[in-house]
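Breakdown of the fold
What follows is the residue order along each chain.
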Amino acid sequence: MVSEFRPLIEVLRELQKLVQKKMSGHFFIATESNHSSMILLRNGHVDEVTFSRYRSDEAVKQLSNVAAARARFQPGKVDTSTARTPLGEAALQWLLGGFENDAAMRPRVAPAAAPAPAPITDAAARREIVEKVALTYLGPIATLICDEAFAGSGDLDQVLQQIGSNLSTPDESRRFMQEARAALAR
């Protein structure tokens, strides 16, 4: 297991190996900023994720913002008596391998200076713009959340609503939708 601080992507690859081996136990992660995360595995399935005081999808979102961490796996039975908050599909996919293709795991680049002056009508271009805005609000998991939203609907308002529903507060969701619409209108 990882004993020194390494890029998060390497730590998550260790988690992937445990899942593939259908292991049970507790996967502990410590960050350089002294935050901790715990992932409960039962027969290769992720039962629960915590990060600091966060649980489930919000914990994965917080974990996705970590640059470097170290980890330790403690094999053993996982208690089934406590209530668990299930992970959303996007968070689970990111945690178990989506991070490999996540552009946000690479160093972040400032958004493009000036989009085209006419409103964006091309679906791929609209998606790229919405995803860039979502990255500033959701971090690296935005890619998976956008995948779900765009796959589920062709209506831009529904897509923005679905992505916004993953944010912490209604005000934050409103700001995201305003910023995305403004970026699309440029």
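To keep things clear, this report deals only with the structure shown in the data block. (Residues numbered from 1 in each chain as written. Predicted model: local features only at pLDDT ≥ 70, side-chain atom pairs only at ≥ 80, totals over all residues. Heavy atoms only, no water.)

Moving on: the overall build of the protein chain. Along the backbone of the protein chain there are 7 helices and 6 strands. For the protein chain, the sequential pattern of α-helices and β-strands runs β-α-β-β-β-β-α-β-α-α-α-α-α. Across the 186 residues in the protein chain, those meeting the buried criterion constitute 42%. When contacts within the protein chain are restricted to residue pairs at least 6 apart in sequence, long-range pairs at least 24 apart make up 64% of them. For the protein chain, the exposed area adds up to about 10100 Å²; of that, 52% sits on carbon and sulfur atoms. (Helix = DSSP H or I, 4+ residues; strand = E, 2+ residues; numbered from the N terminus. Buried < 20%, exposed > 50% of the residue type's maximum accessible area, 1.4 Å probe, protein only. Contact = heavy atoms within 4.5 Å. Areas by Shrake-Rupley, 256 points an atom, 1.4 Å probe, with all protein chains shown as cover.)

Counting residues in hydrophobic clusters, the biggest one holds 48 residues, and the most contacted among them are Phe27, Ile39, Trp94, Leu95, Leu138, Ile163 and Phe176. Residue contacts for isoleucine 39: discarding those within four places in its chain leaves Leu15, Gly25, His26, Phe27, Ile29, Val46, Glu48, Val49 and Leu95. (Core = buried A, V, L, I, M, F, W, Y, C linked by side-chain atoms within 4.5 Å.)

Glancing now at the environment of glutamate 148. With respect to the helices and strands, glutamate 148 occurs in helix H5 (residues 142-152). Expressed as a C-alpha distance, the spacing of glutamate 148 and alanine 90, which sit 58 residues apart in the sequence, is 7.2 Å. Residues within four places of glutamate 148 in sequence aside, it is in contact with Glu89, Ala90 and Gln162.

Attention now moves to unusual backbone geometry. Across residues other than glycine, the phi torsion is negative in most instances, and most of the peptide bonds are trans. In this structure, asparagine 43 is a non-glycine residue whose phi angle is positive, near 50°. Counting through the fold element by element, asparagine 43 comes out in the loop between strand S3 (36-42) and strand S4 (45-51).

In this section: the environment of glutamine 20. Tracing the chain through its elements places glutamine 20 in helix H1 (residues 8-20). For the pair formed by glutamine 20 and glycine 44, sequence separation is 24 residues and the distance between their alpha carbons is 6.4 Å.

All right, on to the sheet that holds S3 then. Ordered in space as S1-S6-S2-S3-S4-S5, the 6 strands form an open sheet in which the pairing is antiparallel. Each end of this open sheet is capped by a strand with a single partner; those strands are strand S1 (6-7) and strand S5 (54-55). Where strand S2 (residues 25-31) lies against strand S6 (residues 68-75), 7 bridges are found, and the strand directions are antiparallel. Bridging across to S6, phenylalanine 27 finds its partner in phenylalanine 73. (Pairing = 2+ DSSP bridges.)

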